[in-house]
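Report on the structure
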Amino acid sequence: MDFDLVALPAFRDNYIWLLAAGSVAAVIDPGDAAPVRLALKERQLKLAAVLITHHHPDHMGGAAALAQEHGCAVYGPAHERIVAVDRPLSEGAELQLPGLKARFRVLDIPGHTAGHIAYQGHGIIFCGDTLFSAGCGRLFEGTAAQMSASLAKLAALPDETAVCCGHEYTLANLKFAREVEPDNREVREYTDECALRRERGEPTLPSRLGRERRVNPFLRCGEAGVQDAARRRLGRKPADAVEVFAAIREWKDGFS
Ligand SMILES: [Zn+2]
């Protein structure tokens, strides 16, 4: 990778992603401007672009101030109302980040919010609150069918893709993944690995997509173990993979 990729912690468990090449940077989902200002100053970087995945305040709250301070563009979802966005994007759009020599492709991934988008390029996916490590976002504005399709779109990316999502939820997600698939050995191994990272104060992210396909129950709705868990929840055989997903998502909503 020709870039530095840094997860800046914000609020309680958010990450703002900083992508830098040379002295130029872009940030993804700056819910708060303060940690971004600090990182830019420490690293002596100039901000060239702000990218937003969806309209929740913890993902875009700092965008307007940063854009004003740095005179840079704000890219974001075309189908959501975000005042700071001056470059609306949807599926298939390509953006070239000035000064970074970076190119990203936009994917529509509705479910968590109605117009949620992801940015994919250079072996990285910035997926906001849609795919988390070992989990997925809640369905605030979309249906289970939409979220299922969005996750399938992300799951089709190459194994090595670095998954850069919006929150440090990995350990809590893995606790749930163990309930769904108690016999999945890789879930246990990944839990140990992530616990160690958190003890050291390091992020568990980015994770790799290949691993997500092996440990994330929401990407495994076609697997017998996950289907069995859904069947036990529903008290009958789920009709299809979307119903498996819906049952697991609803179970997770009430799980702590
Ligand atoms: Zn959100």
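Throughout this description, residue numbers start from 1 for each chain and increase along the sequence as written. Where local features are concerned, this predicted model is filtered to residues with pLDDT of at least 70; where side-chain atom pairs are given and counted, the filter is 80 or more; whole-chain, interface and lining totals use all residues. Only heavy atoms go into the side-chain values, all of them from the structure, while hydrogens and water stay out.

**Quick word on the sheet that holds strand β5 (residues 73-77)**
Note on pairing: DSSP must find at least two bridges between two strands before they are called paired. Secondary structure follows DSSP: runs of H or I at least 4 residues long count as helices, runs of E at least 2 residues long count as strands, and numbering of each begins at the N terminus. If you trace the 6 strands from one edge of the open sheet to the other, you get β1-β2-β3-β4-β5-β6, paired in mixed fashion. A single partner strand is all that each edge strand has here, and the edge strands are β1 (4-10) and β6 (87-89). Taking each pair of neighbouring strands and ignoring which way they run, the sheet shows an average axis angle of 25 degrees. When β5 meets β6, the two strands line up parallel, connected through 3 bridges. Among the inter-strand pairings, Gly-76 is bridged to a residue of β6, identified as Pro-88. The strands that helix α3 (residues 63-70) touches are β3 (24-28), β4 (46-51) and β5; relative to β4, the one it contacts most, it runs at about 145 degrees. A fitted line through C-alpha atoms serves as each axis, taken over the contacting stretch for helices, and the angle formed by two N-to-C directions is quoted from 0 to 180°. Any two residues whose heavy atoms approach within 4.5 Å at even a single point are treated as in contact.

**Details of the sheet that holds strand β13 (residues 162-165)**
A sheet is described by the order of its strands in space; here 6 strands give the open sequence β7-β8-β9-β10-β13-β14, paired in mixed fashion. In the strand order of this sheet, the two ends are held by β7 (94-97) and β14 (207-208), each with one partner. Sheet topology note: the β7/strand β8 (residues 102-108) ladder contains 4 bridges and is antiparallel. Within the sheet, the bridge partner assigned to Gln-96 lies in β8 and is Arg-103. Where helix α4 (residues 144-155) meets the sheet, its contacts fall on β8, β9 (117-121) and β10 (124-128), and the angle it forms with β8 comes to roughly 150 degrees.

**A short note on the environment of Arg-232**
Mapped onto the elements, Arg-232 comes out in helix α8 (residues 224-234). Counting along the chain gives 93 residues from Arg-232 to Leu-139, while the straight-line C-alpha distance between them is 22 Å.

**Re the nonpolar core**
Among soluble globular proteins, nonpolar side chains are generally buried collectively. Take the buried Ala, Val, Leu, Ile, Met, Phe, Trp, Tyr and Cys residues and link them wherever side-chain atoms come within 4.5 Å; each set so joined is a nonpolar core. When a residue's accessible area, from a 1.4 Å probe over protein chains only, is under 20% of the maximum for its type it is buried; when over 50% it is exposed; and in between it is partly exposed. In terms of nonpolar packing, the biggest core is built from 57 residues, with Tyr-75, Leu-95, Leu-97, Tyr-119, Phe-126, Leu-154 and Ile-248 touching the most fellow members. Not counting residues within four places of it along the chain, the set of residues in contact with Leu-95 comprises Leu-51, Tyr-75, Leu-89, Ala-102, Arg-103, Phe-104, Val-106 and Tyr-119. Of all hydrophobic cores here, the second largest spans 23 residues; its members include Leu-18, Ala-25, Leu-66 and Cys-72.

**Some remarks on the coordination of the zinc ion**
The coordination sphere of the zinc ion, as far as protein atoms go, consists of His-54 (NE2), His-56 (ND1), His-112 (NE2) and Asp-129 (OD), spread over 2.2 to 2.3 Å. Considering all 4 donor atoms around the zinc ion, the spread of angles at the metal, 91 to 166 degrees, places the coordination shape in the irregular class. Read N to C, the donor residues that coordinate the zinc ion are spaced as H-x1-H-x55-H-x16-D. Residue His-112 is located in the loop between β8 and β9, and its partner Asp-129 is located in the loop between β10 and β11 (131-132); the two are separated by 17 residues in the primary sequence. With a relative accessible area of 4%, Asp-129 lands in the buried category. A donor here means an N, O or S atom no more than 2.8 Å from the metal, or no more than 3.2 Å when the metal is Na, K or Ca. Since water is not included, a site may seem to lack partners. All geometry calls rest on donor angles, where a four-donor set with angles between 85 and 135 degrees is tetrahedral, four- and six-donor sets with opposite donors more than 155 degrees apart and all others between 65 and 115 are square planar and octahedral, and all else is irregular.

**Description of the environment of Ile-52**
Along the chain, Ile-52 falls in the loop between β4 and α2 (57-60). On the accessibility criterion, Ile-52 (0% relative accessible area) is buried. Excluding its chain neighbours within four sequence positions, the residues that come into contact with Ile-52 are Asp-29, His-59, Met-60, Ala-63, Val-74, Tyr-75, Gly-76, Pro-77, Ile-82, Val-85, Ile-117 and Tyr-119.

**Examining the packing of α4 against helix α9 (residues 241-253)**
Orientation of α4 relative to α9, taken along the N-to-C sense of each, is 105 degrees, at an axis distance of 9 Å. Here α4 is positioned roughly perpendicular relative to α9, judged by the angle of their axes. Within the contact between the two elements, α4 uses Ala-144, Ala-145, Met-147, Ser-148 and Leu-151 and α9 uses Val-242, Phe-245 and Ala-246. Each residue receives one of three labels: charged for Asp, Glu, Lys and Arg, nonpolar for Ala, Val, Leu, Ile, Met, Phe, Trp, Tyr, Cys and Pro, and polar for the others, Gly being one of them. Looking at the contact of α4 with α9 residue by residue, the classes come out as 7 nonpolar, 1 polar and no charged. If an angle is under 35 degrees, it is roughly parallel; if it is over 145, roughly antiparallel; if it lies from 65 to 115, roughly perpendicular; otherwise it is oblique.

**Some details on the side chain of Thr-53**
The topology assignment puts Thr-53 in the loop between β4 and α2. Residue Thr-53 is classed as buried on the basis of its relative accessible area of 0%. Side-chain polar atoms of Thr-53 contact the side chain of His-54, separated by 2.9 Å. Each residue touching Thr-53, except ones within four places of it in the same chain, is listed here: Ile-28, Asp-29, His-59, Pro-77, His-116, Ile-117, Tyr-119, Phe-126 and Gly-128. The definition of a polar contact used here is a pair of N or O atoms within 3.5 Å, where within protein one atom must be able to donate a hydrogen and the other to accept one, and adjacent residues in sequence count solely through side-chain atom pairs.

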